[in-house]
Amino acid sequence: MAQEDVFKKIVAHCKEYGFVFPSSDIYDGLAAVYDYGQNGVELKNNIKQYWWQSMVLLHDNIVGIDSAIFMHPTIWKASGHVDAFNDPLIDNRDSKKRYRADVLIEDEIAKYDDKINKEVVKAAKRFKENFDEEKYRATSPRVLELQQKRDALHARYSAAMNAMDLNELRQIILDEEIVCPISGTKNWTEVRQFNLMFSTEMGSTADGAMKVYLRPETAQGIFVNYLNVQKTGRMKIPFGIAQIGKAFRNEIVARQFIFRMREFEQMEMQFFVRPGTEMEWFSKWKETRMKWHVNLGMGAENYRFHDHEKLAHYANAATDIEFNFPFGFKELEGIHSRTNFDLGNHQKFSGKKIEYFDPEENTSYTPYVIETSIGVDRMCLAVLAHSYTVEQLENGEERVVMRIPAPLAPIKVAVMPLVKKDGLPELAQKVVDELKYDFSYQYDEKDSIGKRYRRQDAIGTPFCVTIDHDSLQDGCVTVRERDTMTQERVRIEYLRALIDKKVSLTNLLRNL
Ligand code: ATP
């Protein structure tokens, strides 16, 4: 099946099984806004917990906060967002569709990469075990020609983005003969800048209402609380502040489901360090964050770093952790060395001194910052997309199973009496009472056991526990495991330990 079709199936599955619904569904939705259903919210909460505990519980020098979404508007002047949080947009006159100019060009660069990879795959098939990929890439005239074109385009694009040269961006689109995917024409407008912040008014207009913004990132809530936290927590550098919260961006190219939303959630951690040590901390956090991802068991080969060439206005180093989504490797998390740009500017704009007295160095300075920033929703999508599996069973049937990492699964265990009589529901209730304080569970007594298993597979429940007539005699139940579909008889009093071993967040954290 084409990747695009797989993605469509995942989106449909998410709706059908209560993970993600379009916002305002009965009014036909609201573009790029989504609601989480009964299973989606559990998954999301588990992801947030895994992140929060890995930051705040496992580091004695990281604390959390929860700052307000509304903030003083000057904050967004100081942070640079009022002046520089822009996307370069271009319209196609025929289709009337609007695109991000940078995305159009990046897609074009990706096409060259695809072409090169196809050549390599073709050659590998031709030369079989004698194939030397490195040599082939360095000598094949066709690959070299494509690589040279790709690199030239990339260099031109990076230069244009660094200078934010809008005319040059347009010229690249024309020179590369990029067409609108809808109209198929090259009838492009000029490129314009578009600010991504939502604004609203606070207070009544009679009093002279104040224009406020919905925060486009949670980070500024941390920066403006730096002094509060450092003083009240008696924090010593290096230390970090973590936060999970909503962010809002008026994204123009809003597509790809919960990958790019207008209202989304971020998990950000700002780590304050002594100036001059930031590169060391940058690499430490790169490594720590990659470990957090790989620890989930979704395959180390599905992650990669992508270092930025165009740095944001505040950064002196930046990298993305990219994940292999159904539509290719894309940013899942950003790790940025933000220098003292933010704290320095807040000092300037607020007039409050934001400095740290370093007793070891016997000097005061404005700390430097390493930031790790990941979208909860993108992380949900990574997990959902990776977990979605369609399997052909031996009996010819098909099962859709969500192989969600067990500690993140919305429901950990399903409890099912084989039949709705003979005292089996009563014993099943006892099993529920044994498990419900530790694990999210579902009780299901409807339909055949096979159908009930399918329902749990579809939402990714790691364990199904069946109570049958023998259970009444021997106090044992059948435990069926989601991924292998193997079944074993287990004494009811051992159930908790058996389930916990696999689904425990604590065990996941211990492996970090
Ligand atoms: P992109 O280049 O994809 O627009 P970005 O570089 O602007 O992302 P950051 O500002 O670094 O993103 O934000 C940090 C993280 O927040 C991203 O890695 C992503 O996981 C998440 N994120 C950013 N924008 C969105 C969005 N519109 N919808 C969902 N998640 C988002």
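Residues numbered from 1 in each chain as written. Predicted model: local features only at pLDDT ≥ 70, side-chain atom pairs only at ≥ 80, totals over all residues. Heavy atoms only, no water.

A. Just the site of the ligand, in detail. Among the 16 residues in the neighbourhood of the ligand, the closest are listed as E251, R260, M261, E331 and L332. The contact in question runs from an oxygen atom of the ligand to an N or O atom on the side chain of R260, over 2.7 Å. With respect to the ligand, the side chain of Q266 contributes an N or O atom lying 3.3 Å from an oxygen atom. Considered on its own, the ligand offers 590 Å² of accessible surface; in the complex 86% of this is hidden by protein. Counting residues per element, the ones that place at least two in the shell around the ligand are β10 (263-273), β13 (328-339) and β16 (368-375). No other element matches β13, which puts 5 residues into the shell around the ligand. (Near = heavy atom within 4 Å. Polar contact = N/O pair within 3.5 Å; in protein donor to acceptor, adjacent residues only side chain to side chain. Areas by Shrake-Rupley, 256 points an atom, 1.4 Å probe, with all protein chains shown as cover. Helix = DSSP H or I, 4+ residues; strand = E, 2+ residues; numbered from the N terminus.)

B. Summary view of the side chain of S471. By the secondary structure assignment, S471 is in helix α16 (residues 469-474). At 2.9 Å, the side chain of S471 and the side chain of D468 are in polar contact. Setting aside anything within four residues of it in sequence, one finds S471 in contact with L427, T466, C476, V477 and R489. (Contact = heavy atoms within 4.5 Å.)

C. Main features of the domain arrangement of the protein chain. Domain parsing of the protein chain yields domain 1 (1-71 + 196-401), domain 2 (86-194) and domain 3 (411-510). Using only C-alpha atoms to locate each centre, domain 2 and domain 3 end up separated by 52 Å. (Domains from an automatic or database assignment.)

D. Representation of the sheet that holds strand β4 (residues 86-92) in the model. One open sheet holds the 3 strands; their spatial order is β5-β4-β6, and the pairing between them is antiparallel. Looking at strand neighbours, the two that pair on one side only are β5 (98-100) and β6 (188-195), the edges of this open sheet. Averaged over all neighbouring strand pairs, the angle between strand axes comes to 35°, with direction disregarded. Both β4 and β6 contribute to a ladder of 6 bridges, which runs antiparallel. Within β6, the residue paired with I90 across the bridge is V191. Contacting β4 and β6, helix α8 (residues 166-175) runs over the sheet at an angle of about 135° to β6. (Pairing = 2+ DSSP bridges. Axes fitted to C-alpha atoms, helices over the stretch in contact; angles between N-to-C directions.)

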